[in-house]
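Read off the chains here:
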Amino acid sequence: LAKTTQPISMDSYEGQEVNITCSHNNIATNDYITWYQQFPSQGPRFIIQGYKTKVTNEVASLFIPADRKSSTLSLPRVSLSDTAVYYCLVAPYSSASKIIFGSGTRLSIRP
Amino acid sequence: DTGVSQDPRHKITKRGQNVTFRCDPISEHNRLYWYRQTLGQGPEFLTYFQNEAQLEKSRLLSDRFSAERPKGSFSTLEIQRTEQGDSAMYLCASTQAAAGGWIYNEQFFGPGTRLTVL
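A brief look at the structure comes next. This is a predicted model, so every value here is computed, not measured.

Some details on the overall build of chain A
Step number 1: Of regular secondary structure, chain A possesses 0 helices and 9 strands.
Step number 2: Reading the secondary structure of chain A in the N-to-C direction produces β-β-β-β-β-β-β-β-β.
Step number 3: For a compact globule of 111 residues, the expected C-alpha radius of gyration is about 13 Å, and chain A comes in at 13 Å, within 12% of that figure.
Step number 4: Seen through its C-alpha atoms, chain A measures out along the principal axes to roughly 40 × 30 × 25 Å.
Step number 5: Out of the 111 residues in chain A, the part that is buried amounts to 50%.
Step number 6: In chain A, of all internal contacts separated by at least 6 residues, the share reaching a separation of at least 24 is 56%.
Step number 7: By element, 50% of the accessible surface of chain A is carried by carbon and sulfur atoms, the whole surface being about 5500 Å².

Topic: the environment of glutamate 83 of chain B
Residue and element names in this part refer to chain B.
Step number 1: Position of glutamate 83 among the secondary structure elements: in the loop between β8 (75–79) and β9 (88–95).
Step number 2: A C-alpha to C-alpha distance of 33 Å links glutamate 83 and serine 27, two positions 56 residues apart in sequence.
Step number 3: The contact partners of glutamate 83, leaving out residues within four places of it in the chain, are Arg15, Arg64 and Val117.

With respect to the sheet that holds strand β1 (residues 5–7) of chain B
All names here are of chain B.
Step number 1: A sheet is described by the order of its strands in space; here 4 strands give the open sequence β1-β3-β8-β7, paired in antiparallel fashion. Each edge of the open sheet is held by one strand with a lone partner, namely β1 and β7 (65–68). Strand-to-strand twist of the sheet, defined as the mean angle between neighbouring strand axes without regard to direction, takes the value 15°.
Step number 2: The pairing of β7 with β8 spans 4 bridges and is classified as antiparallel. Each residue of the ladder has a partner; that of glutamate 68, found in β8, is threonine 76.

The rules behind the values
Residues numbered from 1 in each chain as written. Chains lettered and ligands numbered in written order. Predicted model: local features only at pLDDT ≥ 70, side-chain atom pairs only at ≥ 80, totals over all residues. Heavy atoms only, no water. Helix = DSSP H or I, 4+ residues; strand = E, 2+ residues; numbered from the N terminus. Rg over C-alpha atoms; globule rule 2.2 N^0.38 Å. Buried < 20%, exposed > 50% of the residue type's maximum accessible area, 1.4 Å probe, protein only. Contact = heavy atoms within 4.5 Å. Areas by Shrake-Rupley, 256 points an atom, 1.4 Å probe, with all protein chains shown as cover. Pairing = 2+ DSSP bridges. Axes fitted to C-alpha atoms, helices over the stretch in contact; angles between N-to-C directions.

Everything listed is a geometric property; what it means functionally is a separate question.
Shown next, in the form of structure tokens:
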């Protein structure tokens, strides 16, 4: 099972771009990379998912280099409401039971 | 509200008692997951269902844990003879997935049930 490593915490300011990097050296060929956001006392919420290169949606971008051993979640122009824990997951798209959440990155946004 | 719901939101019980949690997934979703989350950690996968079939249960924490989804709609998670170490948030998630094929891993999580075992 692929293991992920993320920074424990990060701080930034409103209006800044925030990049959170996740390391997954043992990623397998059929593994996808998914990011979730979690606020206190709530369940995680899906942010973005990708396999390679770059994926962008209305809230974030996901950058995956060619070797796929890491990925970077990019949050443009963060606000106070982006203060949360962010989880990087690596799991094969064909096996729901191999989903492993790590300890996540606690992002704190300051005014 | 058409999201995933869980009941109860909080449960306090005494050690040795049995508890049961309920999860109602998004109505059109055929796959349902259970997770446990302890303080400061990410969710830990426990089990999942495709419709009424429980496809993976080897990661249930012990034989005191069991889950059912009798009609392929709501699901229950039961913990028998609770221990203080069972205190955690229990999360349910659902998604629409094709059996044996592509799985779109966007899972929709409920608010969780917080269990406290005294």
